[in-house]
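Examining the three-dimensional arrangement
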Amino acid sequence: MRASWFWPVAVAAGYVGQVFFRLALVTGENYPTVGPDEHMYLVLARLLAGGSATEIPSDMVIPGGYPLLISPALRITHDPVQAYHLVLGINALLSCLVLPLAYGALRRLDVPRPVSYVLATVVVMLPPVVFYSQFALADTPLPALVLAWLIGVHGLLSEGSFRRRCGSGILAGGAAGFSMMVHDRGGVVVALTCLVLLVAFVRNWAPRPATAAALSALALMYATQRELAQWLLSRLDGTHPSQVGNAVWQALRTPELYQRTVMRWIGHTWYFVTSTYGMGALGLVVCCTCLASTRAPRADRAVAFLTVALLLGVSLAAAAALPTDRRIDTIVNARYLSPLVPALFLAGAVALHRIRGRRALVRAAVAAIALTVALSAALTVLAGDRFRKLNFILWALPDSTFLSSRWSGDWGVFSVPLTTVTALTVFTATILLRGLLSTRRPVVAMIGVGMALTLFAGWATVTITQHVSRPTLARGYPDATGFMDQARIRPGDRLVMDLGLGWRTRFAMAYMVLDGRVWTRDLAGPDTPPDGANVAVTTVRTASAPAADSWPKAPAGWHVAVVIPQRNLVVWRRGG
């Protein structure tokens, strides 16, 4: 009787504790800093909350699923700082869903409750799961969605009651479809789901009504996504849909880009396995072994296939779609594979729990280490000296920067070998701890391993917050709240900005002017302010230049209201 209520209460308490942990990490975060992504999501959330139309950064409408989730925050208040606090609160609630889902997934695989709880706690504290929830980014709900999707597919293809399998099918189809509403990466999830469900329907792997229910849920979510995108496009003048899919196909059809695409493909996978401290590599080995085994249950093999295929598909799509620029993270990207961190980390953890005998433990460890070293070597050869020449964006490489402890973010400090060695050191210590504690009492051993990894993950997450998230916030102040104060922007102002204004400030104002609206015009050139504008921001070449020279063609009725000499900006107002 005690177990019937103890573990659900423990999971609920752990969920609440993780929410407070995340809220503590984002204390003092008052405005978006990751442009243009955060600003685009927040502008779309503003529309979905019933707010007025305004300019959207990059003039591109991205999937609206995540803005839909955070839109209640913008219904409650029109103060941009308070609204952003509420958005981060919603992020915490969404991100922490990984805990109960991971616990449920482990229990489905017959992992004992204490071990399931400890391992679920590890996963929910991993930096790739926590980090993106500190910003208004669609990466926040994706790890939970991917876990829910895999749990649903596993339940559909496993033995059980008809009702349970129907429910699992609906969960699988709904989670897959909603992941596409959240981000373009969900397109790969939808394609793989359609493939598996169609094969399951033809081969009768599950009751056909249950499979049909899964397909229906997927189709409903897909139709909803199309309607939502069309509605958003109709509300925003001069915008266009996301072009990510076109960029992927264009790159894959261009032979001159094949070497670049393969290098990035390997680089993204390398970053993934090192950011999971080698456990992701072990999870990949386990999934590939499961696929090759004819004795593994069908549900396990299907989920293993989906996991590996999603990792390869997303990393390939990202490798092809990212533009050519001078950033390291186009080669070793941290974000795009982060939703798979919980799933593959758990796969590796389950393998550690099930392994019996030190020889089997060594074989598994050697396979994971070999995969990580092979990826590292291939990346080093293909990248050559590029890492010495490309720009190091600290925010874009949080996990590798933590592992290498090179927080300066200077050019040339990124190190593939150092990051790999540190990640494999953590992995080796994990394997040794598992072996030393006991191979005859795996429950005790895995609890010890899980507790050690929990402490390490918590330390890593807090350290990354201090060295990456907080400095990013500080750098964003002049373009957000700082500019609002300097320019004396009032509630309800309708702001037109000259093209000469820095892009970070222009993107930030798209959200910060929450109860008004913004435009961007070439005021120094031929453009005139929109009829509804009552505030304009223009630029001067030097702080000593006359303020009036910043807008020689200022229409009648406009006057200089504020001069910001330290930024060479002039704020104009119309009327009083």
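For the structure, check the block above.
Residues numbered from 1 in each chain as written. Predicted model: local features only at pLDDT ≥ 70, side-chain atom pairs only at ≥ 80, totals over all residues. Heavy atoms only, no water.

1. Quick look at the pairing of strand S4 (residues 517-521)
- Bridge count between strand S3 (residues 494-498) and S4: 5 bridges; the pairing is parallel. Across the sheet, Leu 495 pairs through a bridge with Val 518, a residue of S4.
- Each parallel crossover has a hand, and the one from S3 via helix H23 (residues 503-512) to S4 is right-handed. (Pairing = 2+ DSSP bridges. Helix = DSSP H or I, 4+ residues; strand = E, 2+ residues; numbered from the N terminus. Right-handed = clockwise from strand over helix to strand, strands pointing away.)

2. Overview of empty space enclosed by the protein
- In total, this model carries 4 cavities of 30 Å³ or more according to the counting rule given.
- Empty space within the largest cavity amounts to approximately 90 Å³.
- What lines the largest cavity is Leu 142, Val 146, Ser 179, Arg 185, Gly 186, Val 189, Leu 310, Val 314, Tyr 336, Leu 337, Pro 339 and Leu 340.
- In this structure, the second largest cavity spans a volume of roughly 40 Å³.
- As for the second largest cavity, its lining consists of Pro 128, His 268, Tyr 271, Phe 272, Ser 275, Asn 333, Ala 334, Leu 337, Ser 338, Val 341 and Asp 399.
- Top contributing element to the lining of the second largest cavity by residue count: helix H13 (residues 258-275), with 4 residues.
- For the lining of the second largest cavity, a count of residues per class yields 6 nonpolar, 4 polar and 1 charged. (1 Å grid on protein atoms, 1.4 Å probe; cavity = no way out; pocket = protein on both sides within 12 Å on 5 of 7 lines; lining within 4 Å. Points joined across faces, edges and corners; volume = space filled by probe spheres on them. Nonpolar A, V, L, I, M, F, W, Y, C, P; charged D, E, K, R; others polar.)

3. Comments concerning helix H8 (residues 142-157)
- The first and last C-alpha atoms of H8 sit 23 Å apart over 16 residues, in line with the 22 Å expected at 1.5 Å per residue.
- Among the 16 residues in H8, 16 count as buried, and that is most of the element. (Expected span 1.5 Å × (residues − 1). Buried < 20%, exposed > 50% of the residue type's maximum accessible area, 1.4 Å probe, protein only.)

4. Side note on the nonpolar core
- With 184 residues, the main nonpolar core has Trp 149, Val 332 and Met 509 as its most contacted residues.
- Here this core takes 11 residues from H8, the largest share from any one element.
- Once residues within four sequence positions are removed from consideration, Val 332 is found in contact with Gly 267, His 268, Trp 270, Tyr 271, Leu 379, Phe 387, Leu 397 and Phe 414.
- Listed in part, the 11 residues of the second largest apolar core include Val 496, Leu 523, Ala 536 and Val 570. (Core = buried A, V, L, I, M, F, W, Y, C linked by side-chain atoms within 4.5 Å. Contact = heavy atoms within 4.5 Å.)

5. Examining the pairing of strand S7 (residues 569-574)
- S7 sits mainly inside the fold: 5 of its 6 residues count as buried.
- In this sheet, S7 lies alongside strand S5 (residues 535-539) in antiparallel orientation, the contact comprising 5 bridges. In the strand pairing of S7, Val 537 is matched with Val 571.
- Of the strand pairs in this sheet, strand S6 (residues 558-564) and S7 are connected by 6 bridges, and their pairing is antiparallel. Across the sheet, residue Val 560 finds its bridge partner in S7, namely Trp 572.
- Counting the residues between successive antiparallel strands, the hairpin from S6 to S7 contains 4 residues, one of them, Asn 568, with a positive phi of roughly 55 degrees.

6. Observations concerning the sheet that holds S5
- Strands sit in the order S4-S3-S5-S7-S6 across an open sheet of 5 strands; the sheet is mixed. In the strand order of this sheet, the two ends are held by S4 and S6, each with one partner. Across the sheet, the mean angle separating the axes of adjacent strands is 25 degrees when strand polarity is ignored.
- Its contacts with the sheet put H23 on S3 and S4, and the angle it makes with S3 is roughly 170 degrees. (Axes fitted to C-alpha atoms, helices over the stretch in contact; angles between N-to-C directions.)

7. A closer look at the packing of aromatic side chains
- If you walk through the whole model with that rule in mind, you get 22 aromatic pairs.
- On the basis of an interplanar angle of 65 degrees and a centroid distance of 5.4 Å, the ring pair of Phe 131 and Phe 135 is categorised as edge-to-face. A single burial state applies to Phe 131 and to Phe 135, both of which are buried.
- Seen in terms of ring centroids, Tyr 277 and Phe 456 are 5.0 Å apart; in terms of plane orientation they differ by 85 degrees. Their pairing is edge-to-face. Here Tyr 277 is found in the loop between H13 and helix H14 (279-292), whereas its partner Phe 456 is found in helix H21 (residues 442-476), with 179 residues between them in sequence.
- When the ring centre of Phe 201 is taken as reference, the NZ or CZ atom of Arg 208 above it lies at 5.5 Å. (Phe/Tyr/Trp six-rings, centres within 6.5 Å; stacked < 30°, edge-to-face > 60°. Lys NZ or Arg CZ within 6 Å of the ring centre and 35° of its normal.)

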